[in-house]
Amino acid sequence: GQLQTNRIAAFQLSQLFESADNVQFSEEFRRLAHDLIHPEQFPLGELQVTAKLRDYQEVGVRWLSMLNHYGFGGILADDMGLGKTRQILGAIEKFRRYTSQPVLVVVPTSVISSWQDEAESCFPQMRISLIQSTYARDPQGWNGVNQADAIVTSHTLFRIDCEHWKNRALAGVVIDEAQAAKNPRTQLYRYLKDLPVAWRVCISGTPIENSLEDLWSLMSLAVPGLLSSHSSFNEKFRRP
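Residues numbered from 1 in each chain as written. Predicted model: local features only at pLDDT ≥ 70, side-chain atom pairs only at ≥ 80, totals over all residues. Heavy atoms only, no water.

1. Some points on the pairing of strand E5 (residues 172-175)
Neither face of E5 is left uncovered, since the one carrying Gly 172 and Val 174 and the one carrying Val 173 and Ile 175 both have all their residues buried. Bridging between strand E2 (residues 103-107) and E5 involves four bridges; their strand directions are parallel. Bridging from a neighbouring strand, Leu 104 pairs with Val 173 of E5. Direction of pairing for E5 relative to strand E6 (residues 199-203): parallel, over a ladder of four bridges. Bridge assignment links Val 173 to a residue of E6, and that residue is Arg 200. After leaving E5, the chain enters helix H8 (residues 187-194) and then returns to the sheet as E6, a path that is right-handed. (Buried < 20%, exposed > 50% of the residue type's maximum accessible area, 1.4 Å probe, protein only. Helix = DSSP H or I, 4+ residues; strand = E, 2+ residues; numbered from the N terminus. Pairing = 2+ DSSP bridges. Right-handed = clockwise from strand over helix to strand, strands pointing away.)

2. Concerning a nonpolar patch on the surface
A cluster of nonpolar side chains, Ile 208, Leu 212 and Phe 237, forms an exposed patch at the surface whose accessible area comes to about 270 Å². Structurally, Leu 212 is set in helix H9 (residues 212-222). (Patch = residues over 30% accessible without salt bridge, like charges linked within 9 Å, V, L, I, M, F, W, Y side chains within 5 Å. Areas by Shrake-Rupley, 256 points an atom, 1.4 Å probe, with all protein chains shown as cover. Salt bridge = Lys/Arg side-chain N within 4 Å of Asp/Glu carboxyl O.)

3. Digging into the sheet that holds strand E1 (residues 74-76)
What the six strands build is an open sheet, ordered E1-E6-E5-E2-E4-E3; its pairing is parallel. Strands at the two margins of the open sheet, each flanked by one partner only, are E1 and strand E3 (128-130). Mean inter-strand twist for the sheet, computed between neighbouring axes without regard to direction, equals 20°. Helix H4 (residues 84-95) contacts E1, E2, E3, strand E4 (150-154), E5 and E6 of the sheet and is inclined by roughly 170° relative to E6. (Axes fitted to C-alpha atoms, helices over the stretch in contact; angles between N-to-C directions. Contact = heavy atoms within 4.5 Å.)

4. Some details on the pattern of salt bridges
Within the structure shown, the criterion is met by eleven salt bridges. Note that Glu 163 and Lys 166 form a salt bridge whose closest N and O atoms lie 3.8 Å from each other. Of this pair, Glu 163 and Lys 166 are both found in helix H7 (residues 162-166), three residues apart, which corresponds to roughly one turn of the helix. Taking relative accessible area as the criterion, Glu 163 reaches 46% and is therefore assigned partly exposed. Using a relative accessible area of 31% as the deciding quantity, one classes Lys 166 as partly exposed. Residue Glu 235 pairs with Arg 239 through a salt bridge whose shortest N-O separation is 3.1 Å. Here the two residues Glu 235 and Arg 239 agree in accessibility, since each one is exposed.

5. Quick word on the packing of H4 against helix H5 (residues 112-122)
Where H4 meets H5, the closest approach of the two axes is 10 Å, and the angle between their N-to-C directions is 60°. Taken together, the axes of H4 and H5 are oblique relative to one another. Seen along the crossing, H4 lies across H5 with a hand that is right-handed. Here H4 contributes Thr 85, Arg 86, Ile 88 and Leu 89 to the contact with H5, which in turn contributes Trp 115, Glu 118, Ala 119 and Cys 122. (Parallel < 35°, antiparallel > 145°, perpendicular 65-115°, else oblique. Left-handed = near helix turned anticlockwise from the far one by under 90°.)

Here is the structure:
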């Protein structure tokens with residue numbers, strides 16, 4: 001289904017490049033187009049992982065790494081149970097080689113420990129810091145964030161400490177169960193939108209839950225401006 005749709009789109013894009021004889025593309029643009037069409041070929045280098053990645057999980061890590069390389073965000077929308085957490089951690093494992101700043105991972109409270117367990121199981125060399133209380137209540141519990149590769153906190157705690165996160169240098173933000181931010185009028189959406197980071201990834205098994213507005217909301221967090229303004233998107237796509 002979706003894989004076939006992606007292949008059709010990639011084929012159409014490749015045909016466009018091959019038929020555009022009167023247009024000159026720079027080498028950088030051709031490389032970008034190639035990587036977008038063939039994310040499975042994006043180089044990973046030696047990934048330090050103790051568990052074997054399934055083929056589609058490795059493609060997911062390459063795709064996320066490719067987006068990061070070009071400064072794009074994205075929506076990882078695999079079905080439940082296909083290893084979205086492992087794919088994200090794999091991308092962070094590659095990313096951490098090039099930056100000293102951590103990636104903030106905002107998740108439902110119920111799965112905070114699951115992220116730590118997955119990291120310890122598959123990426124034991126990765127430094128994970130769990131935030132399970134507000135800064136005002138437990139500042140000592142935040143000591144590990146300065147040396148972390150990934151910081152995991154909950155949707156609720158993120159909203160409470162949003163000003164703190166806005167003033168902290170972060171390499172990126174990952175929003176797990178991102179459909180919680182599908183309403184652009186909620187606090188969670190606004191605070192995530194205002195976070196000054198270059199790389200944003202939304203994880204959701206249901207990026208379109210009620211209407212196309214859900215997709216616009218998540219994409220406006222991941223790749224701001226790609227789907228134009230809210231009103232323009234509604235006029236062109238949602239209402240028709």
